[in-house]
Amino acid sequence: MAYAEQAETEALHEPKSFLTKYVWSQDHKVIAIQYSLTALFVGLIAIVLSGLMRIQIGFPGSLAFMDASTYYQAMTMHGMIMVIYLLTALFLGGFGNYLIPLMVGARDMVFPYVNMLSYWFYLLAVVVLLSSFFVPGGPTGSGWTLYPPQSISQGTPGVEWGIVLMLVSLAIFIVAATMGGLNYVTTVLQARTHGMTLFRMPLSVWGIFMASIMALLAFPALFVSAVMMLFDKLLGTSFFMPAIISLGQPLAHQGGSPILFQHLFWFFGHPEVYIVALPAFGLVSDLISTHARKNIFGYRMMVWAIIAIGVLSFVVWAHHMYVSGMNPYFGFFFAVTTLIIAVPTALKVYNWVLTLWRGDIHLTVPMLFALAFIVTFLVGGLTGLFLGNVIVDIPLSDTYFVVAHFHMVMGVAPVLVVFGGIYHWFPKVTGRMLNDTLGKLHFWITFLGTYAIFFPMHYLGFQGMPRRYYAYDNYAFIPQSAQELNAFITVIALTVGVSQLLFVFNLAWSVFKGRPAGSNPWGAASLEWQTPNTPPIHGNWGAKLPVVHRWAYDYSVPGIEQDFVPQTVSAEELEQMRQLSAGTTIAGVKP
Amino acid sequence: MSRLLLRNADGADPGGSWNRDPRGTEAGEGADRYQIARTGLRLFLVVVSSLFFLFLLAFIARSQMTDWQPLTEPLAPLANPWQLWVNSAFLVLSCIALQWARMAARKARLDATVIGFVLGGLFAMAFLMGQFWVWQQFVAWGYFVAGNPANSFFYLLTGVHGLHLLGGLIAWGRTVAKFLQRVPLPQLSASIELCAIYWHYLLGLWFVLFALLTSTPQTYEAIARLCGLR
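Cut-off values and rules
- In every chain, residue numbers begin from 1 and rise along the written sequence.
- All chains are assigned letters beginning with A, and all ligands numbers beginning with 1, in the order in which they are written.
- Local features in a predicted model are, by the rule used here, given only for residues with pLDDT of at least 70; side-chain atom pairs are given and counted only at 80 or more, and totals for whole chains, interfaces and linings are based on all residues.
- UniProt positions are given in the numbering used here, feature names are shortened, and annotations may be inferred rather than shown by experiment.
- Working definition: helices are DSSP H or I runs of at least four residues, strands are E runs of at least two. Numbering for both runs from the N terminus.
- Buried residues are those with 20 or more other C-beta atoms within 10 Å of their own C-beta, exposed residues have 12 or fewer, and partly exposed residues lie in between; C-beta atoms are placed from the backbone.
- By the criterion used throughout, residues are in contact when their C-beta atoms, derived from the backbone, lie within 7 Å.
- Only the C-alpha atoms count toward the radius of gyration. The rule for a globule is 2.2 Å times the residue count to the power 0.38.
- Working convention: axes come from line fits to C-alpha atoms, limited for helices to the stretch in contact. Angles between N-to-C directions cover 0 to 180 degrees.
- Working rule for angles: under 35 degrees goes down as roughly parallel, over 145 as roughly antiparallel, 65 to 115 as roughly perpendicular, anything else as oblique.
- Crossings are assigned a handedness: left-handed for a near helix turned anticlockwise from the far helix by less than a right angle, right-handed for a clockwise turn.
- Lys, Arg, Asp and Glu make up the charged group, whereas Ala, Val, Leu, Ile, Met, Phe, Trp, Tyr, Cys and Pro make up the nonpolar group; the residues left over, Gly among them, are polar.
- The score called pLDDT rates the predictor's confidence residue by residue, from a low of 0 to a high of 100.
- Only buried residues count toward a nonpolar core: Ala, Val, Leu, Ile, Met, Phe, Trp, Tyr and Cys, linked into one set through C-beta atoms within 7 Å.
- Helix span, as expected, comes to 1.5 Å for every residue beyond the first.

- You'll find chain A entered in an unreviewed UniProt entry as Cytochrome c oxidase subunit 1, with Pseudomonas mandelii PD30 given as the organism.
- Of chain A, the UniProt comment under Pathway (unreviewed entry) reads exactly: "Energy metabolism; oxidative phosphorylation."

Right, dumping it as structure tokens:
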């Protein structure tokens, strides 16, 4: 029996108690909210850490507690939290959980119990990570890449407890991500409703689906490196640790290969960029199409581009290691693959722009964020082309140019989509609209602010300002003008950081006081907006699952007065709509 | 130009034409619960394969360092790995028993299913105890985990493999508990099928690990050259 038919015949076991409904919930929507709130919470911690770092860089010595160790600890935790515990968790655990079943017409994820476990393992990973702030020595300060031998050698902050907790937390996170990923992929493959073919799925689902597959294949690399480093740290093995003299004493390790760790880490690390980017690509495609009232340009091309990027992202990892002393032929290979992956990525950007072209663009808050994403991703992507070339990367590798690049492409751009996505789907989640004025204020401060922060960093990088230093005063090769620019960046960064409270306030206020949204405030065609209840109730669809007749992008269809056609509208119903529209027009003309 | 772009947008997409009759509205895509569970398990096995593939690549890369002391040298513990052969026999028996239970369940033969399933789990436990015994032998001979990277990998790989089997035994134990609660066989056949698939995979994986752990440095070198690691 097909899933959709079976789902219609089975009784819905709606949770009754508060605990099973809101805490130990197996409902994908509740789990999505749990994931999202936890991710946003740790994200705020990471923003505070970045503020502390910026104060130190812009105004050295103004924070009494900020020494080199504290700075590196803040840097490490900021990077790891943002990449793993915020962006990955929010895109897959938050958006993935909420949108996949609703967008493919399922009642829930196919393994709801495992889905629930996934969230609680994620929360455990977060708790273990944050607990490192309170152990002797504090969290690890080895940089978010955790390169050995430094990360487990004396002299590095958090070498006793911090690094162990970080590695254990990562291992737990990977277990959580695997449980979630198995759910997302299997749900897409097996639980689509009547008529929902793969090539009728919204691009959001395609992006999250491909990112989940990549996560399932790439996270084991991080798991392997974390386990092997834990062995090196706790059991004294020498997987990664070479013979080394530390603080004047030879260590017991010998023969290990730090480069092996780098390969394993980046075999995870580069796909991780696209594990974050592909869901962003998908979500932004839906945002642009909906708010430009125009079908997405080149849907099939977009899908194949997502798949191509997913595959190619597994053969570019060593472009992060040009300065590790690799064989020049390897450098050539990875530079070529890096340039090749730009092709499907550029194709997506062209298609977004062509979707906008002559569209009926509504400058709503989600659309503003989507447009901002396109330009930000373009800027970050272009500097990626610079750095993908070995000869350019080597002089720039340890400068602020790299900091600017990866923050634009992997930090700001996906975060803009996160915001756009939340402004877009918040009405479906809560039944209320977010405040528009606050939203626009939040957008302009964030968008202009991030440019004011990261654009000058490109210039600082070209000037040769090295990254990873905790204080830039008293270095003869760093001019005073650079220091002034650093102070400027810090002021803007603090402003942007504080302005995120506008967003938090807007979320909290609008949940209770926001304007009622109705079931489909944006006039969107995709399935999640066609639920019988808003917010959707347990089981999503009532007695019968929806039947899908078309793709998710029928906007501004000629001859139809309503400027969108939901996926659930059949050919016959469409014909009726057409006749009705013709009648309306005639009736409108005659008087 | 405008019309060309619009035509491309419409023509390129299957659902883009609003005149086109939709396909697949009669039968929903997808499958029943067992099919879903089997897909989930297969995906999980892909993840496990990725995990061990990366462990093995790390193994090969590390084996090319000069401090590697092979475990297959004449006086080393794996010069004559007869204990590992005994353990392998237990795992093979475990898989046979589970396969027998799987086939009996398909024919709705309860007694044979229960016997096969329970025996499968017991043989798997024997395998795990055998592996632990090998670890004790290693320790007794002074081959500690940090003594040499070859030792480290032996403990690591056999340990991770054993943990996966232990996870399988938890699922096995839950199914045995349901047998004891007299849950009807048709409701348990999916669990039996999934256990059997998982066990067969772990047997195959064990033979790959066994072959690699007992190979000579020359074999490692050949693989390393093939992979561009040397």
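So, the overall build of chain B
For step 1, the next point in the chain: When its secondary structure is counted, chain B shows seven helices and zero strands.
For step 2, the next point in the chain: Counting over 230 residues, chain B shows a buried share of 33%.
For step 3, the next point in the chain: By sequence separation, contacts in chain B at least 24 residues apart represent 74% of the contacts at least 6 residues apart.

As for the overall build of chain A
For step 1, the next point in the chain: Looking only at helices and strands, chain A has 16 helices and two strands in total.
For step 2, the next point in the chain: The C-alpha radius of gyration computed for chain A amounts to 25 Å, which stays within 12% of the reference 25 Å derived for 591 residues, consistent with globular compactness.
For step 3, the next point in the chain: In chain A, which comprises 591 residues, the proportion classed as buried is 55%.
For step 4, the next point in the chain: Pairs at least 24 residues apart make up 80% of the contacts formed inside chain A by residues separated by at least 6 positions.

Focus: the UniProt feature "domain: Cytochrome oxidase subunit I profile" (unreviewed entry) in chain A
For step 1, the next point in the chain: Per the UniProt record, the feature "domain: Cytochrome oxidase subunit I profile" (unreviewed entry) sits at residues 18-549 of chain A.
For step 2, the next point in the chain: Across residues 18-549 of chain A, the secondary structure splits into 67% helix and 1% strand, with the terminal C-alpha atoms separated by 38 Å.

Regarding the environment of A:Ala346
All names here are of chain A.
For step 1, the next point in the chain: With respect to the helices and strands, the residue Ala346 is situated in helix H10 (residues 328-356).
For step 2, the next point in the chain: The class of Ala346 is partly exposed, set by 15 C-beta atoms lying within 10 Å.
For step 3, the next point in the chain: Linking Ala346 and Val336, residues 10 residues apart in sequence, is a C-alpha distance of 16 Å.

Some thoughts on the packing of helix H8 (residues 258-291) of chain A against helix H11 (residues 365-388) of chain A
All names here are of chain A.
For step 1, the next point in the chain: Relative orientation of the contacting elements H8 and H11 amounts to 125°, with a least axis distance of 9 Å. Comparing the axis directions of H8 and H11 gives the class oblique. For the crossing formed where H8 meets H11, the hand is left-handed. Facing H8, whose interface residues are Val284, Leu287, Ile288 and His291, H11 presents Pro366, Met367, Ala370 and Phe373.
For step 2, the next point in the chain: Its residues assigned to classes, the contact of H8 with H11 comprises seven nonpolar, one polar and no charged.

Thoughts on the confidence of the model for chain B
Residues and elements named next belong to chain B.
For step 1, the next point in the chain: The predicted model of chain B averages 88 in pLDDT, with 87% of residues at 70 or higher.
For step 2, the next point in the chain: Here residues 1-30 is a poorly scored stretch, pLDDT under 50, and it has 59 contacts once near neighbours within four places are set aside; other chains count.
For step 3, the next point in the chain: What the predictor reports for the complex is a pTM of 0.94 with an ipTM of 0.93.

Some words on the packing of helix H7 (residues 203-235) of chain A against H8(A)
When two helices pack together, their arrangement is given by the angle between the helix axes and the distance between those axes.
Residue and element names in this part refer to chain A.
For step 1, the next point in the chain: Across the interface, H7 lies against H8 with an axial gap of 8 Å and an inter-helix angle of 160°. Between H7 and H8, the angle is such that the two are roughly antiparallel. Every pair of crossing elements has a handedness; the one defined by H7 and H8 is left-handed.

So, unusual backbone geometry
All names here are of chain A.
For step 1, the next point in the chain: Backbone torsion omega between Pro148 and Pro149 reads 0°, so that peptide bond is classified as cis.
For step 2, the next point in the chain: In this structure, Pro535 follows Thr534 across a cis peptide bond, with omega equal to -5°.
For step 3, the next point in the chain: With respect to the helices and strands, the residue Pro535 is situated in the loop between helix H15 (480-513) and helix H16 (571-589).
For step 4, the next point in the chain: For Leu146, which is not glycine, the phi torsion reads 55° and is therefore positive.
For step 5, the next point in the chain: Checked against the element boundaries, Leu146 lands in the loop between helix H5 (112-131) and helix H6 (162-190).
For step 6, the next point in the chain: One non-glycine residue, Arg468, lies in the positive phi region at around 75°.

A word on the nonpolar core
For step 1, the next point in the chain: Counting residues in each nonpolar core, the largest one holds 240 residues, and the members touching the most others are A:Val205, A:Ala211, A:Phe369 and B:Ala58.
For step 2, the next point in the chain: Ignoring anything within four residues of it in the chain, the contact list for A:Val205 reads A:Leu99, A:Ile100, A:Met103, A:Val104, A:Val188 and A:Gly282.

Focus: the environment of B:Leu84
Residue and element names in this part refer to chain B.
For step 1, the next point in the chain: Counting through the fold element by element, Leu84 comes out in helix H3 (residues 82-106).
For step 2, the next point in the chain: As for Leu84 and Phe127, which are separated by 43 residues in sequence, their C-alpha atoms are 9.2 Å apart.
For step 3, the next point in the chain: Not counting the four nearest positions on each side in its chain, Leu84 is found in contact with Val134 and Phe210.

Concerning helix H9 (residues 299-312) of chain A
All names here are of chain A.
For step 1, the next point in the chain: End to end, H9 covers 20 Å across 14 residues, agreeing with the expected 20 Å (1.5 Å per residue, within 8%).
For step 2, the next point in the chain: Taken together, the buried positions of H9 are Tyr299, Met302, Val303, Ala305, Ile306, Ile309, Gly310 and Leu312.
For step 3, the next point in the chain: Here the buried face of H9 lies against H7, H8 and H10.

Overview of the environment of A:Ile309
All names here are of chain A.
For step 1, the next point in the chain: Mapped onto the fold, Ile309 is located in helix H9.
For step 2, the next point in the chain: Take Ile309: there are 26 C-beta atoms within 10 Å of it, and that puts it in the buried class.
For step 3, the next point in the chain: Along the backbone, Ile309 and Gly331 are 22 residues apart, and their C-alpha atoms lie at a distance of 20 Å.
For step 4, the next point in the chain: Ignoring anything within four residues of it in the chain, the contact list for Ile309 reads Tyr274, Leu278, Ile341, Pro344 and Thr345.

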